[in-house]
Amino acid sequence: PLCEWCVSDEQHFSRKERGCADCPTVGRFGILAAALVALAGTAFLSYRALSRIAVKALRRIFGPAVAIRLSQLEARVGFQPKLKIVVSFYQVATTLGPVYGARLHEDFTSWIRVFEFFSFDLLGLTYPDACIGSMRHRLLLAALWPFAVILLGSAAFAAHALTVWLLLWKSSSGRVGGAGGPVSDEGDGEGDGGGDGEGDGGRDGGGMSGTRGVVAVDADGDGIPDRGVVAVDTDGDGIADHIEDVDVIDTDGDGEVTVSELNKHRWRELVRETQSRILYLAILVAYFVLPSVSRSIFKARMCESFGISVFDATARRSYLVADLEVLCRSDDEMYRGLDAYFWAFFVLWPVLVPLVLLGLLLWIRRDVRALRVTRLSRACRFLWRDYNARFHYWELADMYRKLFLASLVLFIQTDDGSSKLLRLIVASVVSALFLTALALVKPFKRFDDFYLACTANLLLTCCFVLGTVVQICESAAYEDMCDTLVGFESAFGASAFVIVLTVAMIALSLVLFVFKAISALRAPTIRLLSTGRAPVMDMSKKCHFHGFISHIWSTGQDQTHTIVRQMKLVMPDVRIWLDVDCLENLGALEESVGDATTFLVFLSVGYFKSRNCRRELYAGLALDRPFIPIHEADVEKGGAALEVLKAECRAHCVDDAGLGTYPSYLGPAEMVFRIFEKEDPILWVRVNAFQLESLKSIALRMLRHSPYYMRHPETLTSGVMVAGEVPPFAFVGPVTILVCRDNDG
């Protein structure tokens, strides 16, 4: 009845040609599929390569300032969440015809074909279904080709890891640190690299070859080297290509670091990194192809009924839409044979794949909520990093929404649902409910992503409503109702409206990209000078805050509130414990200090006189938290000179056994050393650019004590910066400065 069934097995029905067309050769399918895979692989490898050399190239071409600003765009604009929102919109919008029966006017079919690329249906985009073979073969290919992509990617990652390992193994010879020189540690956090006569151990790697020049680092100050830094020369040109971390210095306890030990460590790290990359690739493939693969699986159940008698209107017969040769009846052998395939692949994709992703998110939920960077949480970052920690599971909710709208809705009236309005009505209600939940929960980290997601769901709801209109106007059963009820003379008007909405989504996304890019370059957030990116904000496994700020209300309350508020502006992911926000029980001050990685002390008049402030100080000493003193010097704001504050500390920090909190307390001298002498207090200044310098100093000290940067201290050597900050200035020639003797300043 549809006149869309080609008798010849070597032909398929082409809507473009409005008739049967010859099937392309298998070679063409292989070429197209290989081209798509190669294109994706080339894009990925190009991105990885360009991301490494872009900063250096941009520095040389445009200068450091432009290079740093351009390198910040990706992190600040947030391309990933916006791309996922746009792709999700079109993955559902393009199902209006095949799933809901709302076929747009033939003048707009070329527009729909363009958007079908977002479905990531490799088979549908490269080869006609009817030319593949029987329905069983189609189901097998549709359900298994994503696994082939994952296997190919895994093989590529494994080959890359093996190549790197062979290059490192080839460049390694002899013993690290020279002829058997042991690794020593002076107790100051830096060790000597052994007696190879190559200078300082090669932190900069100049003039080295192989894997020589190990520097032992004592990160926690216990006198035992925790990690090592070794300069690696992979190409044998005598210049170190990169600096490599070594977690285990001496595995056999002989006091020497050998190439064999380093190579074993490198191999383990390469294996773990390769596993993380494979998991990331699998998540990526599953996310993008899940709606289209699920819809392809449902082709085994999607039937359409046709009248078979002009004399009896009730006489109807259902055929499988994907293969009109199959009769949709339980007594049909071909149809019954598809049941096992359908249910097996249904359990595999719409059921198991989301459950596996949910299991991964549940496994890493504590790390995500505590902002801890682990290997597994990093491999799964595509699923959670765009959302607030409390709603890190939201990607699964959105995935189930797409899955329902693009495929599971086919369970509704499987025989003739595409010719009725029920699916469109259900889809409109589901989209509206999801939009309401999205507006109430606000799961996104960025407000622009939240607004774009709300807009996408609103436009999608409108598309379903207009799909109802299109179906009414296109149906022969409602010939006169299109103009009478809706107001359109034909389906052309409603189809044009749908196209306008879909194009508006692209236009809105592009405008948002440009606007966000411009705003991102001006956003005053802290970045690392070494990378141009935002710092990694992880913390100890036992902590839920990056810092605990201790102050006295009478002279330090306003200042500390300002510090915390401004720190959250320049470091949005930072968590600082502040009494007015977090204090629930005054008796649990010591536990609160232990719940933070660092201990910030705001020094103002009367601070050491407060018993509760001293409780916090003793708890910080007992827990050996890193102290970050911040000095209020303005007398009018409750400040005092450092000597005055030192005297106040000596006079009041005399409690025996630290009020029972710190039994081994050595007296005021220990407190003075930890607060005033171990590191210079940071001067708190309120005025514009000077305040920003104070905030940068606080941030840098907090980062130095975080677990990630204790393992990678070299990334903080260059310091931090804020876009738009006042750069350093210097006079280019002699300058005469006039001084007035009557001016006290």
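The structure this text deals with has already been given above.
Computed from a prediction, not measured in an experiment: that's the story for all the values here.

J.: Give me the overall build of the chain: which residues, what numbers.
T.: A count of helices and strands for the chain gives 24 helices and 14 strands. Sorting the 745 residues of the chain into buried and exposed places 46% on the buried side. Carbon and sulfur atoms make up 61% of the accessible area of the chain, which amounts to about 37,600 Å² in all.

J.: Quick rundown of the side chain of Ser604? Include the residues and the values.
T.: As for its placement among the helices and strands, Ser604 is situated in the loop between strand 11 (596-603) and helix 20 (611-622). Here Ser604 falls in the buried class, since its relative accessible area comes to 0%. Excluding anything up to four places from it in sequence, Ser604 contacts Ile552, Thr555, Gly556, Glu632, Gly638, Leu645 and Glu648.

J.: Could you give me a rundown of the sheet that holds strand 9 (residues 545-550), with the residues and numbers involved?
T.: Overall, parallel pairing links the 5 strands, which are arranged 10-9-11-12-13 in an open sheet. The open sheet has two free edges, formed respectively by strand 10 (576-577) and strand 13 (682-683), since each of these has just one partner strand. Note: strand 12 (residues 627-631) against strand 13, 2 bridges, orientation parallel. Along strand 13, the bridge assignment pairs Ile630 with Ile682.

J.: Describe the state of the cysteines, and please don't skip the residues or the numbers.
T.: As enumerated under the stated definition, the model contains 1 disulfide in all. Through a disulfide, Cys303 is tied to Cys328; the S-S separation comes to 2.0 Å. The S-S bond linking Cys303 to Cys328 shows a torsion near -90°; that makes this disulfide left-handed. In this pair, Cys303 sits in strand 6 (residues 303-307) while Cys328 sits in the loop between strand 7 (316-320) and helix 8 (333-363), placing the two residues 25 residues apart along the sequence. Of the two residues, Cys303 and Cys328, both sit in the buried class. Here Cys463 stays unpaired: no disulfide links it, and the sulfur of Cys462, its closest cysteine neighbor, is 7.1 Å away. Classification of Cys463 as buried rests on a relative accessible area of 1%. In this structure Cys653 is not part of a disulfide, and its nearest cysteine sulfur, from Cys649, lies 3.8 Å away. Take Cys653: its relative accessible area is 0%, and that puts it in the buried class.

J.: Describe the environment of Arg103, with residues and values.
T.: One can find Arg103 in the loop between helix 3 (79-93) and helix 4 (109-115). When the C-alpha positions of Arg103 and Ser495 are compared, they lie 8.4 Å apart, and in sequence the two are 392 residues distant.

J.: An account of helix 3 is requested, with residue identities and associated values reported.
T.: Given a rise of 1.5 Å per residue, 15 residues ought to cover 21 Å, and the 21 Å separating the end C-alpha atoms of helix 3 matches this to within 8%. Counting buried positions along helix 3 gives 13 out of 15 residues, so the element sits mostly inside the fold.

J.: Give a detailed account of the environment of Ala491, specifying residues and quantitative values.
T.: Looking at the element boundaries, Ala491 is found in helix 16 (residues 491-522). With 24 residues separating them in the primary sequence, Ala491 and Gly467 have C-alpha atoms 9.8 Å apart. Non-local contacts of Ala491, meaning those with residues more than four positions away in its chain, are made with Val470, Cys473 and Glu474.

J.: For a nonpolar patch on the surface, give the residues involved together with the corresponding values.
T.: A cluster of nonpolar side chains, contributed by Val347, Leu352, Leu355 and Tyr400, occupies part of the molecular surface with about 330 Å² of accessible area. Ranked by the residues each element gives to the nonpolar patch, the list is headed by helix 8, at 3 residues. Relative to the helices and strands, Val347 is located in helix 8. Under the relative-accessibility criterion, Val347 is labelled partly exposed at 39%.

J.: Give a detailed account of the pattern of salt bridges, specifying residues and quantitative values.
T.: Within this structure, the stated rule accounts for 18 salt bridges. When the shortest N-O distance is used, the salt bridge between Glu590 and Arg615 registers 2.9 Å. With a gap of 25 residues between them, Glu590 in helix 19 (residues 589-594) and Arg615 in helix 20 connect regions that are remote in the sequence. Judged by its relative accessible area of 19%, Glu590 is buried. Between Glu632 and Arg686 there is a salt bridge, with its nearest N and O atoms 2.3 Å apart.

J.: Tell me about the environment of Arg674, and please be specific about residues and values.
T.: Within the fold, Arg674 resides in helix 22 (residues 668-677). For Arg674, a relative accessible area of 12% translates into the label buried. Between the alpha carbons of Arg674 and Pro626 there is a distance of 8.8 Å; along the sequence they are 48 residues apart. For Arg674, the residues in contact, after removing those within four places along its chain, are Leu621, Asp624, Arg625, Pro626 and Phe627. A polar contact is formed between the side chain of Arg674 and the backbone oxygen of Arg625, at a distance of 2.8 Å.

J.: A description of the pairing of strand 12 should follow, citing residues and the corresponding values.
T.: The buried fraction of strand 12 is high, at 5 of 5 residues. Side-chain alternation along strand 12 places Phe627, Pro629 and His631 on one buried face and Ile628 and Ile630 on a second face that is also buried. Where strand 11 meets strand 12, 5 bridges bridge the pair, whose relative direction is parallel. When the bridges of strand 12 are listed, Phe602 appears paired with Ile630.

J.: Can you tell me about the packing of helix 17 (residues 553-570) against helix 23 (residues 688-704), naming the residues and giving the values?
T.: Where helix 17 meets helix 23, the axes come as close as 10 Å, and the angle between the chain directions of the two elements is 75°. As judged from the angle between their axes, helix 17 and helix 23 are roughly perpendicular. Taken together, the residues of helix 23 that come into contact with helix 17 (itself represented by Thr562, Ile563, Gln566, Met567 and Val570) are Gln691, Leu692, Leu695, Ile698, Ala699 and Met702. Here the contact of helix 17 with helix 23 is composed, by residue class, of 8 nonpolar, 3 polar and no charged.

J.: An account of the nonpolar core is needed here, citing residue identities and associated values.
T.: Phe89, Tyr100, Leu320, Trp349, Leu357, Phe464 and Met505 are the most contacted members of the largest nonpolar core, which has 88 residues in total. Ranked by residue count, the leading element in this core is helix 14 (residues 447-474), at 13 residues. If we ignore the near neighbours within four places in the chain, the residues touching Met505 are Ile85, Val86, Phe89, Tyr90, Leu452, Ala456 and Leu459. Counting 29 residues, the second-largest nonpolar core is a separate cluster that includes Leu692, Ile698, Leu700 and Val722.

Thresholds, definitions, all that
- Residues numbered from 1 in each chain as written.
- Predicted model: local features only at pLDDT ≥ 70, side-chain atom pairs only at ≥ 80, totals over all residues.
- Heavy atoms only, no water.
- Helix = DSSP H or I, 4+ residues; strand = E, 2+ residues; numbered from the N terminus.
- Buried < 20%, exposed > 50% of the residue type's maximum accessible area, 1.4 Å probe, protein only.
- Areas by Shrake-Rupley, 256 points an atom, 1.4 Å probe, with all protein chains shown as cover.
- Contact = heavy atoms within 4.5 Å.
- Pairing = 2+ DSSP bridges.
- Disulfide = S-S within 2.5 Å.
- Expected span 1.5 Å × (residues − 1).
- Patch = residues over 30% accessible without salt bridge, like charges linked within 9 Å, V, L, I, M, F, W, Y side chains within 5 Å.
- Salt bridge = Lys/Arg side-chain N within 4 Å of Asp/Glu carboxyl O.
- Polar contact = N/O pair within 3.5 Å; in protein donor to acceptor, adjacent residues only side chain to side chain.
- Axes fitted to C-alpha atoms, helices over the stretch in contact; angles between N-to-C directions.
- Parallel < 35°, antiparallel > 145°, perpendicular 65-115°, else oblique.
- Nonpolar A, V, L, I, M, F, W, Y, C, P; charged D, E, K, R; others polar.
- Core = buried A, V, L, I, M, F, W, Y, C linked by side-chain atoms within 4.5 Å.

That is the geometry; function is a separate question.
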